[in-house]
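Residue-level listing of the chains:
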Amino acid sequence: QVQLVESGGGLVQAGGSLRLSCVVSGRTFSHYVMGWFRQAPGKEREFVAAISWSAGSTYYTDSVKGRVTISRDNAKSTVSLQMNSLKPEDTAVYYCAVNPTGILGRTYGYGYWGQGTQVTVSS
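Criteria and thresholds
Residues numbered from 1 in each chain as written. Predicted model: local features only at pLDDT ≥ 70, side-chain atom pairs only at ≥ 80, totals over all residues. Heavy atoms only, no water. Helix = DSSP H or I, 4+ residues; strand = E, 2+ residues; numbered from the N terminus. Rg over C-alpha atoms; globule rule 2.2 N^0.38 Å. Contact = heavy atoms within 4.5 Å. Core = buried A, V, L, I, M, F, W, Y, C linked by side-chain atoms within 4.5 Å. Buried < 20%, exposed > 50% of the residue type's maximum accessible area, 1.4 Å probe, protein only.

K.L.:
Explain the overall build of the protein chain here, please?
P.N.:
When helices and strands are counted, the protein chain shows zero helices and eleven strands. Along the chain direction, N to C, the helices and strands of the protein chain fall in the order β-β-β-β-β-β-β-β-β-β-β. Taken over the C-alpha trace, the protein chain has a radius of gyration of 13 Å; the compact-globule value for 123 residues is 14 Å, and the two agree within 12%. Expressed as lengths along the three principal axes of its C-alpha atoms, the size of the protein chain is roughly 40 × 25 × 25 Å. Residue pairs in contact within the protein chain that sit at least 24 positions apart in sequence constitute 56% of those at least 6 positions apart.

K.L.:
What am I meant to see in the nonpolar core here?
P.N.:
One recurring pattern in soluble globular proteins: nonpolar side chains tend to sit buried together. In terms of nonpolar packing, the biggest core is built from 29 residues, with L20, W36, I70, V79, L81, M83 and Y94 touching the most fellow members. Mapped onto this core, the elements with two or more residues apiece are strand 1 (2–7), strand 3 (18–26), strand 4 (33–39), strand 5 (46–52), strand 7 (68–73), strand 8 (78–83), strand 9 (92–99) and strand 11 (117–122). In contact with L81, not counting residues within four places along its chain, are L18, R19, L20, W36, V48, A49, V68, T69, I70 and Y94. Core analysis: the next-biggest nonpolar cluster, separate from the first, contains six residues, V33, F37, F47 and A97 among them.

Pasting the structure below:
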């Protein structure tokens, strides 16, 4: 059983920064991929970034490249998403998730999800 608990969301002004964290507990494996997704009101869930748990290799969607950094702390079982130069279009509920397939570039197949944390970017 894998459990994910997210935190760090909030209200920020455009151009500001925010760091989201997700603590992973339960059964985890070194070959798993951890990812961040977001969903804005009235829109479908969108992939943001992913990281391999063991090696730390990363993968980003084009819309956030250069502005966000995904990282993990294996000792603390935590995956984070540092977001800079935030824009109003970044407003969404952000979810962390686990992909047991271990394929970094795959944006589907995530089987475990956190509860989500709200990020609101004002103009």
